[in-house]
Amino acid sequence: MVIRNKESGPTSYRYEYIAAVSATLSLVASVSCAGWSSPTIPALLSLESHIAISAAQGSWIVSILSIGGCAGSIAMSPMVERYGRKCTLLVSMIPLIIGWIMILIASNVSTVYVARFLHGMAYGATLSATPIYLGEISSKSIRGSTGVLIAVMAKIAFLLQYSIGPYVSFRSLAWINLSFPVIFLVTFCWMPESPYYYLSHGNEEAALQSLHWLRRTGFYNENFLREYHQMRLLVEKNRQHHPSLKDLFTKQNRKSLGLILLLSTGMQLTGVNAILGYAQTIFSKLDMNLSAAEMSIMLGVVQLMAVCIPTYFVDKAGRRPMLLISSIGSFVGLIICSSYFTLNAMGCVTEAYSWVPFVATLGFIVSFSVGLATVPFAILGEVFPKNIKANANAVFSVITSAIVFTVLKMFQVISDGAGTYVAFWIFAICTAGTTVMMYFFVPETKGKSFDEIQDMMQRTTDKVQKRRTTCC
């Protein structure tokens, strides 16, 4: 007997949100490592530090996280398909916990380097596995908002570091950060594995149980049976050949690969990680009544508030509008900061206007948060077939890690050698180029099922191929 379902209400997604929030606690644990550098580097550079470091060593402490992120993405990618999304996220906490223990006992900078590399491995692993898990457990009507949780939790992690770091000791902060992966492990171990993973391994009973836990409808509910049938068809379709990295470069996936290259590059070339990682160092250049630590806390609060905006609008306004608004706003904020630091470098009297770059930085963070910080993860979980999604996420993480490392390392080099204004001008120019590229190449995936999105990407690829053939 098939039971027809009433119109779904907000409460019908309760357990999907519970699983999504629990999964993204892994990001609070791992992204805290990125925010950790903002209060910690000034402390380590001070004369009172028990670990003496130079400015160059400080830049390595900040940027080596990205090298570990690249390694973590590559190492954990096979685990996602072989052992599951849930298992990968749980295992990713091991290097994170070891890293914080090393920070606790560190007496020299070499130990800190190794710890940061381990932190980066966890960072890369969680960023690879979390979007897949969220995309596969969420109903299509809330997939955008659950994807946005990735950025929300990341901003919570930064805010915690900005708020706590300046006021506790080096080792006390490590103890606090060590508690985050423990909290994640305790909560996420009770969550279900993705039903898609179970189906791809032929375990239909477990897939039904997982989907039932998430949807909380009867096994004979019409919508439940329809969704489960669509999942089976999609898995069978993707199972026809064994996934490999080469599949990313086939004709039908080439556009999706180009899309994630654009999104990952565009996100990072805004310089957001440099601004967040060196927040206290940048703000120390401003002559304001607030301390650099207090301005960093304000920055963390503002970005957390801003990143919550897409949670409510990304499934209504659409991905493209949010991305374009975000890119344009980020460009404006960077231009203002670039102009201020240029005038300051020219010797102009700018002390009375120190609030301008601070407000512009807040505006940049708000703009970045409403689109560029959130929407790419939602799109990433949608545009690739299930059987190659793990490889696609690994590629996304590797590219992101490589760009982040370059940006973080070169920001310090350029700022010390040529001036902070040069780095900000480079960020502004790159953001302008990203905006133009996104306008022409990013499709709208709002409200579409995985099947519909795959068909749309295939049609777009076919049109491009026909156009090329006609031109020839």
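Owing to the predicted nature of the structure, the values given are computational and were not obtained by experimental measurement.

The rules behind these values
- Residues numbered from 1 in each chain as written.
- Predicted model: local features only at pLDDT ≥ 70, side-chain atom pairs only at ≥ 80, totals over all residues.
- Heavy atoms only, no water.
- Helix = DSSP H or I, 4+ residues; strand = E, 2+ residues; numbered from the N terminus.
- Buried < 20%, exposed > 50% of the residue type's maximum accessible area, 1.4 Å probe, protein only.
- Contact = heavy atoms within 4.5 Å.
- Areas by Shrake-Rupley, 256 points an atom, 1.4 Å probe, with all protein chains shown as cover.
- Core = buried A, V, L, I, M, F, W, Y, C linked by side-chain atoms within 4.5 Å.
- Patch = residues over 30% accessible without salt bridge, like charges linked within 9 Å, V, L, I, M, F, W, Y side chains within 5 Å.
- Salt bridge = Lys/Arg side-chain N within 4 Å of Asp/Glu carboxyl O.
- Expected span 1.5 Å × (residues − 1).
- Arc of directions from axis to C-beta.
- 1 Å grid on protein atoms, 1.4 Å probe; cavity = no way out; pocket = protein on both sides within 12 Å on 5 of 7 lines; lining within 4 Å.
- Points joined across faces, edges and corners; volume = space filled by probe spheres on them.
- Nonpolar A, V, L, I, M, F, W, Y, C, P; charged D, E, K, R; others polar.
- Axes fitted to C-alpha atoms, helices over the stretch in contact; angles between N-to-C directions.
- Parallel < 35°, antiparallel > 145°, perpendicular 65-115°, else oblique.
- Left-handed = near helix turned anticlockwise from the far one by under 90°.

Draft legend 1. Summary view of the overall build of the protein chain. The secondary structure content of the protein chain amounts to 22 helices and 0 strands. Residue burial in the protein chain is summarised as follows: out of 472 residues, 55% are buried. Restricting to contacts in the protein chain with at least 6 residues of sequence separation, those with at least 24 account for 82%. Of the roughly 19600 Å² of accessible surface on the protein chain, a fraction of 67% belongs to carbon and sulfur atoms.

Draft legend 2. Local environment of the nonpolar core. With 119 residues, the main nonpolar core has Phe283 and Phe384 as its most contacted residues. With 12 residues, the single largest contributor to this core is helix α6 (residues 109–137). Grouped together as the second largest cluster of nonpolar side chains are 9 residues, Tyr196, Ala207, Phe224 and Met231 included.

Draft legend 3. Seen up close, a nonpolar patch on the surface. Together, Val436, Met437, Tyr439, Phe440 and Phe441 make up a nonpolar patch on the protein surface, roughly 540 Å² of accessible area in all. Tracing the backbone shows Phe440 in helix α21 (residues 420–441).

Draft legend 4. Representation of the side chain of Ser38 within the structure. Checked against the element boundaries, Ser38 lands in helix α2 (residues 37–45). Not counting residues up to four positions away in its chain, the partners in contact with Ser38 are Tyr162, Leu276, Gly277, Ala279, Gln280 and Ser296.

Draft legend 5. Broad picture of helix α8 (residues 170–188). Counted at 1.5 Å a residue, the expected span for α8 with its 19 residues is 27 Å, and the 28 Å between its end C-alpha atoms agrees. Where α8 is concerned, the buried positions are Phe170, Leu173, Ala174, Asn177, Leu178, Phe180, Pro181, Phe184 and Phe188. Projected down its long axis, α8 carries its buried residues within an arc of 145°, all on one side. Facing away from the buried surface of α8 by more than 90 degrees, the exposed residues are Trp175 and Val186.

Draft legend 6. Representation of empty space enclosed by the protein within the structure. Inspection of the entire model under this criterion finds 2 cavities of 30 Å³ or more. Its volume calculated, the largest cavity comes out at about 450 Å³. If you trace the largest cavity, you find 31 residues lining it, with Tyr123, Leu127, Phe158, Gln268 and Asn273 closest to the centre. If you list the elements that add at least two residues to the lining of the largest cavity, you get α1 (14–35), α3 (55–82), α6, α7 (143–164), α12 (251–268), α13 (272–277) and α20 (389–417). It is α20 that provides the largest number of residues to the lining of the largest cavity, a total of 6 residues. Residues of the lining of the largest cavity, tallied by class, amount to 20 nonpolar, 9 polar and 2 charged.

Draft legend 7. Up close: the packing of α2 against α3. One way to put it is that α2 packs onto α3 with a least axis distance of 10 Å and a crossing angle of 155°. Judged on the interaxial angle alone, α3 and α2 are roughly antiparallel. Viewed along their axes, α2 and α3 form a crossing whose handedness is right-handed. Contact with α2, carried on its side by Ser37, Ile41, Leu44 and Leu45, involves Ala55, Gly58, Ile61 and Val62 of α3 and no other residues of that element. In terms of residue class, the contact of α2 with α3 is made up of 6 nonpolar, 2 polar and no charged.

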